[in-house]
Structure formats: structure tokens, C-alpha cells
Amino acid sequence: MSENAASGTIAFLGLGHMGGPMAVNLVKAGHQVVAYDPVPAALEVAREHGIATVDSAPEAVAGASVVLTMLPSGKHVLDAYRGADGAPGLLSVAAPDTLFLDCSTINVDEAREAAAIALEAGHRSVDAPVSGGVMGAEAGTLTFMVGALPEDFETVKPILELMGRRIVHCGDHGAGQAAKVCNNMILGVSMIAVSEAFVLGEKLGLTHQALFDVASNASGQCWALTTNCPVPGPVPTSPANRDYQPGFAGALMAKDLRLAVNALESTGVDGQMGHLASQIYDAFAAEGGAGRDFSGIITDIRDKSAK
Ligand code: NAD
């Protein structure tokens, strides 16, 4: 399989918000894609874009050289690989030496487990979670953080380049998920810090623009401030200017921070800010923020700060 993996059929499993447009970009580039999702409407949309669909995951995998998964969680990925609820495991259905490419965001430990069982079954394994959101998936401008053996990275790179702009080889199995979880922990913590600073500035009589002009050119500078600014005005393209429509939804930030907490706990790191950020975003998601941009956390902080 090795030489022609990148040009053979890709089984694409999971045609949701991200997977749907990613699969479209592969087909647009001339790839043979056979897709499956348990939601009939997702299959219908895929067919409208010229993607071949089948009625089960094993059907998609039979005859594929690459199995790309874009699923909600690590349990979904491991269940699909091993088989669950009477469905056969994809690892047992796939031809020998198939490349299993998981682009979902899952626990680092789950990614390593997925790789171990794939290798054990005689296959190859790559974890390649993404950042860039639905807009990046549609535009083909995602960033892929890749955990793979060097030869497998070379195999998947041309495929990932059809869906993304930056493809970063982070190390061996699990390293892609490790990079993703570390980055998003920085993001969650820094968005809370920026939001607390704006609310504090309000209480101290500082305008949003004044704080932005200083911090964006000083040591407080970060993406949460200069790109996704949580107050309307200073960065006209930030979700704060459209009533916190995502963007990056609070539910996804809460999920990614739970993965960060799992990683902190499994490694024994004293990550107090990561734990706190996870609690704060779990509450935000549970109290109406799940579908809002994660920068909407500032409205919670402001409400809770009202005298
Ligand atoms: P989604 O819920 O929209 O899509 C997941 C799809 O997987 C659904 O359509 C579901 O029916 C399907 N599915 C479930 N089990 C399946 C199975 N066994 N076989 C085939 N399909 C199955 O989720 P999404 O927003 O597309 O996110 C997918 C992954 O990407 C998640 O891990 C998420 O954390 C990550 N991610 C999402 C974003 C984002 O902005 N949405 C950004 C970065 C990363």
C-alpha cells in the first residue's frame, strides 16, 4: 500500500461540521473518497458535492488505502477501530497496512492507544487534529498538528495539504494531540485573562480602546487580545462585534480544556490555571455559552462582577 496510499481511495468517516467540508476539498482535488456518517442528512449533503457514500463504515473501509476519521471524541474513534454494538472493528476489516488517519480532537492517551491497536493489527497510524474551525475546513486553510512516524508523515502530507495550509510534524504517535491540547490550554487561559483585564479596566474607568492600544503593543499581547478581542470595537472582525456568534464555540473550548485536564492529571503536571480554566469554561458552556463564541466568557465575568 505504501507508495500509492496518498493516491488510493480514502474512506472518510464523520461528515459533520468539519468533516463534511474537508471531504469536499479532497474530492475537489480529484481524490477518490468513499464516505460514511450515521446521519442520513450528512450523507445527502456529501452526495450533492459529488462524494460517493455507503451505508456503513466497514463498507467504506473495504478497498481504501487511507481511513480518515473526523469524529466527536476518542471513544467514537476507539469504538470504530475495535468495533462496538455488534459492528465489526475497522481494524479487522481494513486491508493489511492501511493508514489510519485520525483528525478528531481526542485525549493524548487515546491517540496513543489508537496507534498501538492499529499497529498491532498490521496497519499504520497518524493523529492529525486541526485548528481553524469550520471556516478553515471550508476554505482548505486548516492547520494540522501531526503525530506520526516520519515515513507516514510523508504519506499523509500531500493529503492534508488539500485541506490545510500549515502541516506541522510534531513528533511520533500522539504528538499531534499533545500539541493541540497544549495550544488550546494557552488559548483558554489567555482568553480568561484578557477578559478579566477588560472588565477590570471598565471598573477602573479605562476605555476598551485605551487598554487595547497599550496591551496589544506591550507584554499583554496575545491572540485572544489582538485577533479574537472579547470586546467590540478594537478588532472589528472579532466575534464580540457580532454578539459572540462563533467563531470557536464555548462547548468546544470546554471539551478541549477537559482534554487538557486529563493530560495534566495523567502526567502529574501542577497545572492550576488549566484546571481553573476548565472549570470556568464548563460553567460557561452549561449556562448558555455552549453555542456562543468562547470570548463571550467576558459577559459572564462582567455579570458576576456587577455590584
Ligand atoms: P460534529 O459533531 O459536527 O461531527 C461529527 C460527525 O461524526 C457527526 O456527523 C456524527 O454523526 C459522525 N459520527 C459519529 N460516529 C460515527 C461513526 N462511527 N462513523 C462515522 N461517522 C460518525 O463535530 P465537528 O464539529 O465536525 O468536530 C469533529 C472533530 O473535530 C471533533 O473531535 C472536534 O473536537 C474537532 N474540531 C472541531 C472544530 C470545530 O470548529 N467544529 C475545530 C477543531 C477541531
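As the structure is a computational prediction, the values presented were derived from the model and not from experiment. (Residues numbered from 1 in each chain as written. Predicted model: local features only at pLDDT ≥ 70, side-chain atom pairs only at ≥ 80, totals over all residues. Heavy atoms only, no water.)

Comments concerning the domain arrangement of the protein
How big an interface is tends to be stated in terms of accessible area lost as the parts join. Condition: Marked domain ranges trace back to an automatic or database domain assignment. Contacts between residues were defined by any pair of non-hydrogen atoms, one from each residue, lying within 4.5 Å. A 1.4 Å probe defines the accessible area here, and the buried area is the portion of it lost by two parts on being joined, summed over both. Salt bridge, as used here: a side-chain nitrogen of Lys or Arg that lies within 4 Å of a carboxyl oxygen of Asp or Glu. Nitrogen and oxygen atoms within 3.5 Å of one another constitute a polar contact, given that in protein one can donate a hydrogen and the other can accept it, and given that sequence-neighbouring residues count only through two side-chain atoms.
According to the domain assignment, the protein consists of domain 1 (5-171) and domain 2 (179-304). Here the C-alpha centre of domain 2 lies 30 Å away from the C-alpha centre of domain 1. The partner domain 2 presents eight residues to the 12 residues of domain 1 that form the contact. Taking both partners together, domain 1 and domain 2 bury about 740 Å²; carbon and sulfur atoms supply 60% of that area. Of all residues in domain 1, T105, N107 and M145 bury the most surface against domain 2, accounting for 53% of the area lost on that side. Counting the contacts that link domain 1 with domain 2 gives zero salt bridges. For the pair domain 1 and domain 2, the interface holds four residue pairs in polar contact (both at pLDDT 80 or more).

Quick look at the site of the ligand
Test applied: Here a residue counts as near a molecule or strand whenever at least one of its heavy atoms sits within 4 Å of it. Residue exposure ignores everything except the shown protein chains as possible cover, and the areas themselves are Shrake-Rupley values with a 1.4 Å probe. Put simply, DSSP marks the helices as runs of H or I at least four residues long and the strands as runs of E at least two long, and each gets a number from the N terminus on. Nonpolar residues are Ala, Val, Leu, Ile, Met, Phe, Trp, Tyr, Cys and Pro. Charged residues are Asp, Glu, Lys and Arg, and all others, Gly as well, are polar.
Around the ligand, the structure places 22 residues, and the nearest of them are H17, M18, D37, L71 and K255. Contact distances for the ligand include 3.0 Å between an oxygen atom and a backbone N or O atom of T105. Protein coverage of the free-state accessible area of the ligand, which is 840 Å², stands at 83%. Going through the elements one at a time, α7 (133-139) and α12 (250-267) are the ones with two or more residues in the shell around the ligand. Grouping the constituent residues of the shell around the ligand by class yields 12 nonpolar, seven polar and three charged.

Notes on the pattern of salt bridges
Pairing between side chains of opposite charge can happen when the charged atoms of each approach one another. Put simply, the rule reads: Buried means the residue's accessible area, taken with a 1.4 Å probe over protein chains only, is under 20% of the maximum for its type, while exposed means over 50%, and partly exposed covers the values in between.
Taken as a whole, this structure holds nine salt bridges when the rule is applied. For K75, the salt bridge goes to D79, with nearest N and O atoms at 2.7 Å. On the criterion of helical spacing, the pair formed by K75 and D79 is a turn pair, its members being four residues apart in helix α4 (residues 74-82). Of the residues examined, D79 reaches a relative accessible area of 28% and is grouped as partly exposed. Between D152 and R124 there is a salt bridge, with its nearest N and O atoms 2.6 Å apart. Within this pair, whereas D152 is found in helix α8 (residues 150-160), its partner R124 is found in strand β6 (residues 124-127), the two being separated by 28 residues in sequence. The residues D152 and R124 share a single accessibility class, namely buried. Salt bridges sharing partners connect three or more residues here, namely E287, D300 and K304.

Focus on the environment of L68
With respect to the element layout, L68 can be found in strand β4 (residues 66-69). The residues contacting L68, other than those within four sequence positions of it, are I10, A11, F12, L13, L26, L101, C103 and M163.

Some thoughts on the packing of aromatic side chains
Stated precisely, the cut-off is as follows: Aromatic rings from Phe, Tyr and Trp, with only the six-membered ring used for Trp, were paired whenever their centres fell within 6.5 Å, and each pair was classed as stacked if the ring planes differed by under 30 degrees, edge-to-face if by over 60, and tilted otherwise.
Summed over all chains, the structure comprises four aromatic pairs. Considering the side-chain rings of Y81 and F100, the 5.0 Å spacing of their centres and the 70 degrees angle between planes classify their relative orientation as edge-to-face. In this pair, Y81 is assigned in helix α4 and F100 in strand β5 (residues 99-102), connecting sequence segments 19 residues apart. The two residues Y81 and F100 agree in class, both being buried.

Brief notes about the pairing of strand β1 (residues 10-13)
The side chains of a regular strand alternate, first on one face of the sheet and then on the other. Definition in use: Should DSSP find at least two bridges between two strands, the strands are taken to pair.
The two faces of β1 match: I10 and F12 on one face and A11 and L13 on the other face are all buried. Bridging between β1 and strand β2 (residues 33-36) involves four bridges; their strand directions are parallel. By the bridge assignment, L13 is partnered in β2 with Y36. Strand direction decides the pairing type here: β1 and β4, joined by four bridges, are parallel. Looking across to β4, one finds that L13 is bridged to T69.

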